[in-house]
Amino acid sequence: MAPRSCPCGLPTPYQDCCGRFHRGEAAAATAEQLMRSRFSAFATGDEAYLLRTWHPSTRPARLGLDRKMRWVRLEVLESTGGSVVHTEGTVRFRAHYVERGRAGEQEEHSRFVRLDGRWVYAGAS
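Residues numbered from 1 in each chain as written. Predicted model: local features only at pLDDT ≥ 70, side-chain atom pairs only at ≥ 80, totals over all residues. Heavy atoms only, no water.

Draft legend 1. Examining the pairing of strand β3 (residues 102–115) more closely. Across 12 bridges, strand β2 (residues 88–99) lies against β3 in antiparallel orientation. What sits directly across from Val 98, in β3, is Ala 103. Hairpin connection between β2 and β3: a loop of two residues separates the two successive antiparallel strands, and Arg 100 in this loop has a positive phi of roughly 55°. By the bridge criterion, six bridges tie β3 to strand β4 (residues 118–124) in an arrangement that is antiparallel. (Pairing = 2+ DSSP bridges. Helix = DSSP H or I, 4+ residues; strand = E, 2+ residues; numbered from the N terminus.)

Draft legend 2. Highlighting the state of the cysteines. A complete count under the given rule lists zero disulfides for this structure. The thiol of Cys 6 is not disulfide-bonded; the next cysteine sulfur, from Cys 18, is found 3.6 Å away. In this structure Cys 6 comes out as buried when scored by relative accessible area, which is 5%. Free cysteine: Cys 17, not disulfide-bonded; nearest cysteine sulfur from Cys 8 at 3.7 Å. (Disulfide = S-S within 2.5 Å. Buried < 20%, exposed > 50% of the residue type's maximum accessible area, 1.4 Å probe, protein only.)

Laid out in structure tokens, this is it:
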């Protein structure tokens, strides 16, 4: 059986792509990589990872993910900064989902910052 592809949209098996971040074996090197891994965390229901990668000043106490919503596809529309040499970055994306049999999408322009050397989600701009 072929390995399951990663929900983030990259042509890599989940275990080798975002799965390694979710398991804590690696940290995202760029803001876009963190955003992709967070999308995959929504797709796999990994609330702990989402909270762990959220800036403490904007992080909710808990998420309570909607299990009736299935995140199915990600489009990265643009990114600024957020490379291995930056301390801030933004990623604009469109996330596609299915909820109760109906397709939908959410577009966001997310802000990311480095905190203690790691990228974290700081909110939407």
